[in-house]
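Analysis of the macromolecular model
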Amino acid sequence: MEELPGPGPEIRGPPVSQSHAPAAHYDRVTAAWRYLLGEELHYGVFDEGVTDLAVATGELTRRMIEGGRIEQGVSILDVGCGTGAPACRLAQEFGAHVTGITTSEEGIRAAQERAKAAGLAAQTSFELRDGTDNGLPDASFDRVWILESSHLMRRRERLIGEAARVLKPGGRVVLCDITRQRPLDLAEVRRLREPLALLREVFGDARMEGLGDYRALMEGEGLTVDHEVDLTAATRPTFDAWQANADRYRTEVVELIGERAWTAFRDSCDVLAGFWDDGTLGYGLIAASRP
Ligand SMILES: C[S@@+](CC[C@H](N)C(=O)[O-])C[C@H]1O[C@@H](n2cnc3c(N)ncnc32)[C@H](O)[C@@H]1O
């Protein structure tokens, strides 16, 4: 019996041979994704005239900095820190003290290497922790930074609850991610079974929600939401850039994850572009303060 979709398109599909749980997924794909997505493992914001993916991913990070009102010397919890590129930028540009957490051991290793090479080891720490149950002390950070990791945490209310708990009074949480732009009913989920299964295979177990759902969760935790931006149109060129990287680094990527995964990645860019174009999925950024 088909499970009813949650508020977003649950990415479900036929049984596959490898685990799509985020930790196993990211351990498997991280090295290849550095070729496909770049050093910052997230979408790009392509402002007018921008064509370079690294510039565009840097711009998304800048939008997060703006929304989070990052200031000199703040302490930041980076939930879902990838390979540490945004954390190192925050440490470098703002003298911030950044604790990056992720469920991927591969990500921790890469982040620690990056920080050491940049002379930022004293200002950063990377730890294996789950964003939905982080075990960190109450009121211990000035900022909580959640850059494109929330879609991988099904217990979304626990993620936001933990973010609010570890924030100091006056602190801010800033989050950006893929968003669900409209509900999908069961018939549509069935019709889209194959493309949804492909996305799950390539990007892991994910669940998307609208910015309004994040707003409600944040407000439910007593946070004051004061910043919301729809980045759907600005992130749309990301898929062309990823496909161009797939073509450019085909040999390297196939060596790391195999021909089938390379093809699946390339095809998944078309699926995502279609969802962007037909108004199913998009991208948003939201920030809130703890009174
Ligand atoms: C799309 S990547 C984004 C990485 C990074 N924020 C960046 O922008 O470069 C998603 C990240 O979320 C992490 N992640 C997934 N589930 C998690 C969880 N439950 N707790 C903490 N991190 C998680 C993954 O390991 C990965 O590092």
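Here's what I pulled together on the structure shown here. (Residues numbered from 1 in each chain as written. Predicted model: local features only at pLDDT ≥ 70, side-chain atom pairs only at ≥ 80, totals over all residues. Heavy atoms only, no water.)

Thoughts on the site of the ligand
Definition in use: Nearness is judged by heavy atoms alone; a residue qualifies as near a molecule or strand once a single heavy atom is within 4 Å of it. N or O atoms within 3.5 Å of each other form a polar contact, as long as, within protein, one can give a hydrogen and the other can take it, and as long as residues adjacent in sequence are counted only when both atoms are side-chain atoms. The method behind every accessible area is Shrake-Rupley, applied with a 1.4 Å probe, and residues are considered shielded solely by the protein chains displayed. We call Asp, Glu, Lys and Arg charged. Ala, Val, Leu, Ile, Met, Phe, Trp, Tyr, Cys and Pro are nonpolar, and the rest, Gly among them, are polar.
Near the ligand you find 20 residues, and of these His-42, Gly-80, Thr-102, Gly-131 and Leu-147 are the closest. The side chain of Asp-130 places a nitrogen or oxygen atom 3.0 Å from a nitrogen atom of the ligand. Leu-147 is positioned such that a nitrogen or oxygen atom in its backbone is 2.9 Å from a nitrogen atom of the ligand. In isolation the ligand offers 600 Å² of accessible surface; the protein chains occlude 97% of this area. Residue composition of the shell around the ligand, grouped by class: 8 nonpolar, 8 polar and 4 charged.

Considering helix 10 (residues 238-248)
Here is the rule: Burial classes follow relative accessibility: with a 1.4 Å probe on protein chains only, a residue under 20% of its type's maximum area counts as buried, one over 50% as exposed, and anything between as partly exposed. Strands here are runs of E lasting at least two residues and helices are runs of H or I lasting at least four, both read from the DSSP assignment and numbered beginning at the N terminus. In what follows, residue pairs with any heavy atoms lying within 4.5 Å of each other are defined as contacts.
Buried residues of helix 10: Thr-238, Phe-239, Ala-241, Trp-242, Gln-243, Asn-245 and Ala-246, and no others. On its buried face, helix 10 is in contact with helix 1 (22-36), helix 2 (53-68), helix 7 (193-203), helix 9 (232-235), helix 11 (250-257) and helix 12 (259-277).

Topic: the pairing of strand 3 (residues 124-128)
On any regular strand, side chains alternate: one points to one face of the sheet, the next to the other face. Rule in force here: At least two DSSP bridges between two strands are required for those strands to pair. For the handedness criterion, the strands are oriented away from the viewer, and a crossover whose path from the first strand over the helix to the second runs clockwise is classed as right-handed.
Pairing of strand 2 (residues 97-102) with strand 3, which is carried by 5 bridges, proceeds in the parallel orientation. Looking at strand 3, one finds that Ile-101 is bridged to Glu-127. Handedness of the crossover joining strand 2 and strand 3 through helix 4 (residues 105-117): right-handed.

Here's the deal with the packing of helix 7 against helix 12
Condition: Axes here refer to lines fitted to C-alpha atoms; in helices the fit is confined to the stretch in contact. Angles between the N-to-C directions go from 0 to 180 degrees. Throughout this description, any angle smaller than 35 degrees is read as roughly parallel, any larger than 145 degrees as roughly antiparallel, any in the 65 to 115 degree range as roughly perpendicular, and the remainder as oblique. For a crossing to be left-handed, the near helix must be turned anticlockwise from the far one by less than a right angle; the clockwise case is right-handed.
At a closest axis distance of 9 Å, the pairing of helix 7 and helix 12 adopts a crossing angle of 125 degrees. Here helix 7 is positioned oblique relative to helix 12, judged by the angle of their axes. Regarding helix 7 and helix 12, the two cross each other, and that crossing is left-handed. For the pair formed by helix 7 and helix 12, the contact residues are Pro-195, Leu-196, Leu-198, Leu-199, Glu-201, Val-202 and Phe-203 on the first element and Arg-260, Ala-264, Phe-265, Asp-267, Ser-268, Val-271, Leu-272 and Phe-275 on the second. Of the residues assigned to the contact of helix 7 with helix 12, the class counts are 11 nonpolar, 1 polar and 3 charged.

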